[in-house]
Amino acid sequence: MPNQATAFGPGRVNLIGEHTDYNAGLALPFAISEGVTVRAAANRGGRIEALAADLDERDSFDLAEVEASDGWRGFVRGAVGELQRAGIAVAGAELELSGTVPRGAGLSSSAALEVALVLALLSLSDVAEPDRLDLAKLCSRVENDWVGAQTGLLDQIASLFGERDRALRIDFRSLEVEPVDLELGDFTLVVLDSGEEHTHAGSGYNERRAECAQAAEEMGVPTLREATLEMTERLPEPLSSRARHVITENERVREAVAALERRDMVELGRLLDASHASLRDCYAISTPSVEKAVARCKDAGALGARIMGGGFGGSVLALLPAGVVAPSGAVEVRPGPGAQVVAS
Ligand code: GLA
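Residues numbered from 1 in each chain as written. Predicted model: local features only at pLDDT ≥ 70, side-chain atom pairs only at ≥ 80, totals over all residues. Heavy atoms only, no water.

1. Looking at the pattern of salt bridges
Note the following rule: Salt bridge criterion: a side-chain nitrogen from Lys or Arg within 4 Å of a carboxyl oxygen from Asp or Glu. In this text, helices come from DSSP runs of H or I with a minimum length of four residues, and strands from runs of E with a minimum of two, each type numbered from the N-terminal end. Buried means the residue's accessible area, taken with a 1.4 Å probe over protein chains only, is under 20% of the maximum for its type, while exposed means over 50%, and partly exposed covers the values in between.
A complete count under the given rule lists 27 salt bridges for this structure. Taking the shortest distance from any N to any O, the salt bridge between Glu267 and Arg270 comes out at 2.9 Å. With Glu267 and Arg270 both in helix H8 (residues 265-281) and 3 residues apart, the pair spans about one turn of that helix. For Glu267, a relative accessible area of 18% puts it in the buried group. Accessibility expressed as a relative area gives 44% for Arg270, which makes it partly exposed. With its nearest N and O atoms 2.6 Å apart, the salt bridge here joins Lys298 to Asp273. Of this pair, Lys298 sits in helix H9 (residues 288-300) while Asp273 sits in helix H8; the two residues are 25 residues apart in sequence, bridging distant segments of the chain. Of the residues examined, Asp273 reaches a relative accessible area of 24% and is grouped as partly exposed.

Shown next as structure tokens:
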């Protein structure tokens, strides 16, 4: 049994394809270089002793009795609990968690944490890494069943499958993950925090998900992937608008992949703007602070800017051409490698 293991899970940026993952749709995220590191050291006591270094908070629990908890503790307990449910004998450990990705800013600090925890615990417990899609599903169950956020698989797949200089075209119906070159040349992608922290469990996220399920049911299709714009005309509001967002967003992902193949950044910017308008007007997940952040990016000269992630706060993503000065507080993001065990 190894004595220690360190794993890194990156956060993610979603270029386009928002609120499509739990609707069997399409998205185009990439892993970023900011993320969460988990250092695990074996202890023989049959307990997990965890330290969230950035918060200077601790947790301690018995491996034979893992119960749910709030905040970051919920993720640690959930990761251990789900590994155990998968039949893995998790070894007792001291865990130290630290991160460079801001929490609640829409960059998926949660997935980064789940993924880093699971990889570090597997390595310390001397268990070969399972298939990464299965790991993504396991990490997403941590969020669904232990933290109470009915999120999809977008963040976990992006964190686990990330590649340098590439985005990932994910088809959530077939779970096919296809890398797409993201060569930005003189252009830059930046994220700007709206200053409004969001949590998926507490926001309208679960409500949106339920609305989509209801829209699909009323149209008589298994998921919104099988729905057409024409079908949405017979739905009442707000279901009709919610479904329209998802259907048109899938199309924008296809168009974005085509634009990247042609290196047509102007078209990519137009698609980011169109995605934002749809998320604001049809999906109703924007807020005044998010609108302000989008306006600051556009005023600075962004080719496109949009709300990113679950919504109701968090960060805005903007595409800037060469020579444009990013608004103050904006941080450049680039596609980086996926999660890995960095030392054992
Ligand atoms: C959050 C969720 C993802 C996805 C996005 C919206 O990031 O965790 O599963 O639904 O929101 O695209």
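2. What to know about the layout of surface pockets
Convention followed: A cavity here means a set of points on a 1 Å grid, drawn over the protein atoms and nothing else, where a 1.4 Å probe fits but cannot get out; a pocket is an open set with protein on both sides within 12 Å along at least five of seven lines, and a residue lines either one if it has an atom within 4 Å of a point. Grid points are joined across faces, edges and corners, and a volume is the space filled by probe spheres set on the points. Under this grouping Gly is polar, as are all residues other than the nonpolar Ala, Val, Leu, Ile, Met, Phe, Trp, Tyr, Cys and Pro and the charged Asp, Glu, Lys and Arg.
In this model, the second largest pocket occupies a volume close to 170 Å³. Looking at the second largest pocket, it is lined by 13 residues, and the ones nearest its centre are Tyr22, Asn23, Ala24, Arg209 and Thr223. Looking at the lining of the second largest pocket residue by residue, the classes come out as 9 nonpolar, 2 polar and 2 charged.

3. Observations concerning the pairing of strand E11 (residues 315-320)
For the record, the criterion: Whether two strands pair depends on DSSP finding at least two bridges between them.
The buried fraction of E11 amounts to 6 of the 6 residues, a majority that puts the element mostly inside the structure. Here E11 shows two buried faces, one formed by Ser315, Leu317 and Leu319 and the other by Val316, Ala318 and Leu320. Across 6 bridges, strand E9 (residues 188-193) lies against E11 in antiparallel orientation. Its bridge partner lying in E11, Leu189 is registered against Leu319.

4. Side note on the site of the ligand
How we decide: Residues are classed as near a molecule or strand on a simple rule: at least one heavy atom within 4 Å of it. Pairing of N or O atoms within 3.5 Å defines a polar contact, subject to two protein rules: one partner must be a possible hydrogen donor and the other a possible acceptor, and residues neighboring in sequence count only if both atoms are side-chain atoms. Note that accessible areas follow from Shrake-Rupley with a 1.4 Å probe, and for residues the cover is restricted to the protein chains shown. For this analysis, a molecule is said to be in a pocket or cavity if more than half of its atoms are within 2 Å of the grid points defining it.
Close contacts around the ligand come from 13 residues, with Glu18, His19, Asp21, Asp155 and Tyr205 the closest. Taking Arg12, its side chain carries an N or O atom lying 2.9 Å from an oxygen atom of the ligand. Within the complex, the protein chains bury 99% of what would otherwise be the 310 Å² of accessible surface of the ligand. Among the cavities detected, the one that contains the ligand is the largest cavity. Across the shell around the ligand, the residue classes tally to 3 nonpolar, 6 polar and 4 charged.

5. Quick look at the packing of helix H2 (residues 109-124) against helix H4 (residues 154-161)
Where we set the bar: All axes are obtained by fitting lines to C-alpha atoms, using only the stretch in contact for helices, and the reported angles, taken between N-to-C directions, cover 0 to 180 degrees. Orientation is classified from the angle alone, with under 35 degrees giving roughly parallel, over 145 giving roughly antiparallel, 65 to 115 giving roughly perpendicular, and any other angle giving oblique. In this scheme, a crossing is called left-handed if the near helix is turned counterclockwise away from the far one by less than a right angle; it is called right-handed if the turn is clockwise. When checking whether two residues touch, look at their non-hydrogen atoms; a contact exists if any pair is within 4.5 Å.
Contact pair H2 / H4: the axes reach a minimum separation of 9 Å and the direction vectors enclose 55 degrees. By the criterion of interaxial angle, the relationship of H2 to H4 is oblique. Handedness of the H2/H4 crossing: right-handed. On H4, the residues that touch Ala111, Ala112, Glu114 and Val115 of H2 are Asp155, Gln156, Ser159 and Leu160. Partitioned by chemical class, the residues of the contact of H2 with H4 number 4 nonpolar, 2 polar and 2 charged.

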